[in-house]
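# Overview (structure and organization)
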Amino acid sequence: MTEFDDERIASLKQRRKTVILDRLLTFTGLALAGASAFFPWYVFFNADKFGINVATSSNSRELPDWPARNVFSVSPLAMVNKNEGDKKAPPIDPLTTATVSDLGKERDGGPILEDQPFPGKSSFRLLHVSNGRALIEDTSGMYVVRIGSILPDESRLATLEQRDGKWVIVTSKGETYQNN
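Residues numbered from 1 in each chain as written. Predicted model: local features only at pLDDT ≥ 70, side-chain atom pairs only at ≥ 80, totals over all residues. Heavy atoms only, no water.

### Some words on the nonpolar core
In terms of nonpolar packing, the biggest core is built from 12 residues, these being Phe124, Leu126, Val129, Ala134, Ile136, Tyr143, Val145, Leu151, Leu157, Leu160, Ile169 and Tyr177. Residue assignment for this core shows that the elements contributing at least two residues are strand S3 (125-130), strand S4 (133-138), strand S5 (141-146) and strand S6 (157-163). Non-local contacts of Val129, meaning those with residues more than four positions away in its chain, are made with Ala134, Leu160 and Trp167. (Core = buried A, V, L, I, M, F, W, Y, C linked by side-chain atoms within 4.5 Å. Buried < 20%, exposed > 50% of the residue type's maximum accessible area, 1.4 Å probe, protein only. Helix = DSSP H or I, 4+ residues; strand = E, 2+ residues; numbered from the N terminus. Contact = heavy atoms within 4.5 Å.)

And the structure:
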């Protein structure tokens, strides 16, 4: 054997490896293409395995029997000052209400101690009452509450009553909200 024969044998072995590798890659590509074409049909015929599970519901207007959730999204009007020890009056009105404070002025010979209230109370409205639960709405969303739940005005739901055919919420602060 000559050196030329050795190079030829090495070249044939290299071509053979290349042909085997090409066939393997071709087979793998065809197998992936076939699986890609078949998979949507498999999903179509087996929709129960891949479909979206829709919760069953009835056509009643009753509220679901969920446990009450506390209201965590509270209106800024309902927030309470946690720093009661700091009784410094703010130098300006933090809300744009076009009011002028009388702090530091005297009326009828005595000093005025004024606590400026927020302009208006936190408003939420009663939408529906069912099964001991009430659906209320404020500017940040709708909530299902029951007796003892925290309301958006930082009070608790004290009672649910029916007065003159309309439902009424009475809060722990004594305020009443009636559905329309």
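### Some thoughts on the pattern of salt bridges
Scanning all chains against the criterion turns up 2 salt bridges. The closest approach of N and O atoms between Glu161 and Arg163, which form a salt bridge, is 2.7 Å. (Salt bridge = Lys/Arg side-chain N within 4 Å of Asp/Glu carboxyl O.)

### Examining the packing of aromatic side chains
Considering all chains together, one arrives at 5 aromatic pairs under this definition. When the ring of Trp41 is compared with that of Phe44, the centres are 6.1 Å apart and the planes differ by 85°; the resulting orientation is edge-to-face. Of this pair, Trp41 and Phe44 both sit in helix H1 (residues 3-45), 3 residues apart, roughly one helical turn. Residue Trp41 is classed as exposed on the basis of its relative accessible area, which comes to 52%. Here Phe44 and Phe45 contribute two aromatic rings whose centre-to-centre distance is 5.2 Å and whose plane-to-plane angle is 75°, an arrangement assigned as edge-to-face. According to the relative accessible area criterion, Phe44 is exposed, its value standing at 57%. (Phe/Tyr/Trp six-rings, centres within 6.5 Å; stacked < 30°, edge-to-face > 60°.)

### Quick word on H1
Here H1 contains 43 residues, and its C-alpha end-to-end distance of 63 Å stays within 8% of the 63 Å for a straight helix at 1.5 Å per residue. Of all the bends in H1, the largest measures some 30° and sits at Phe38, one to four residues before the proline Pro40. (Expected span 1.5 Å × (residues − 1). Bend = angle between axes of the 7 residues up to and from the residue.)

### Let's talk about the environment of Ile147
For Ile147, the position within the fold is in the loop between S5 and S6. Sequence-distant contacts of Ile147, that is, excluding residues within four places in its chain, are made with Leu157, Ala158, Thr159 and Leu160.

### Some thoughts on the UniProt feature "transmembrane region" (unreviewed entry) in the protein chain
The residues that UniProt annotates with the feature "transmembrane region" (unreviewed entry) are residues 20-44. Within the segment residues 20-44, helix and strand shares are 100% and 0% respectively, and the terminal C-alpha atoms sit 37 Å apart. (UniProt positions renumbered as here; feature names shortened; annotations may be inferred.)

### Notes on unusual backbone geometry
Of note in the backbone geometry, Asn131 takes a positive phi value of approximately 55° without being a glycine. Within the element layout of this structure, Asn131 appears in the loop between S3 and S4. A positive phi is found at Asp164, a non-glycine position, where the angle reads about 50°. Relative to the assigned elements, Asp164 resides in the loop between S6 and strand S7 (166-171). Using a relative accessible area of 82% as the deciding quantity, one classes Asp164 as exposed.

### Notes on the sheet that holds S4
Here we have 3 strands laid out as an open sheet, ordered S3-S4-S5, and antiparallel in their pairing. Both outer strands of the open sheet, S3 and S5, are each paired with one neighbouring strand and no more. The sheet shows a mean angle of 25° between the axes of neighbouring strands, taken without regard to direction. Inspection of the sheet shows S3 paired to S4 by 5 bridges, in the antiparallel sense. Paired with Ser130 across the strands is Arg133, a residue of S4. (Pairing = 2+ DSSP bridges. Axes fitted to C-alpha atoms, helices over the stretch in contact; angles between N-to-C directions.)

### Section: the sheet that holds strand S8 (residues 176-178)
Reading across the sheet, the 3 strands line up as S6-S7-S8 and stay open at both edges, with antiparallel pairing between neighbours. With partners counted over all chains shown, the strands left at the sheet margins are S6 and S8, one partner each. Across the sheet, the mean angle from the axis of one strand to that of its neighbour is 25°, orientation sign disregarded. Where S7 meets S8, 3 bridges bridge the pair, whose relative direction is antiparallel. Along S8, the bridge assignment pairs Val168 with Gln178.

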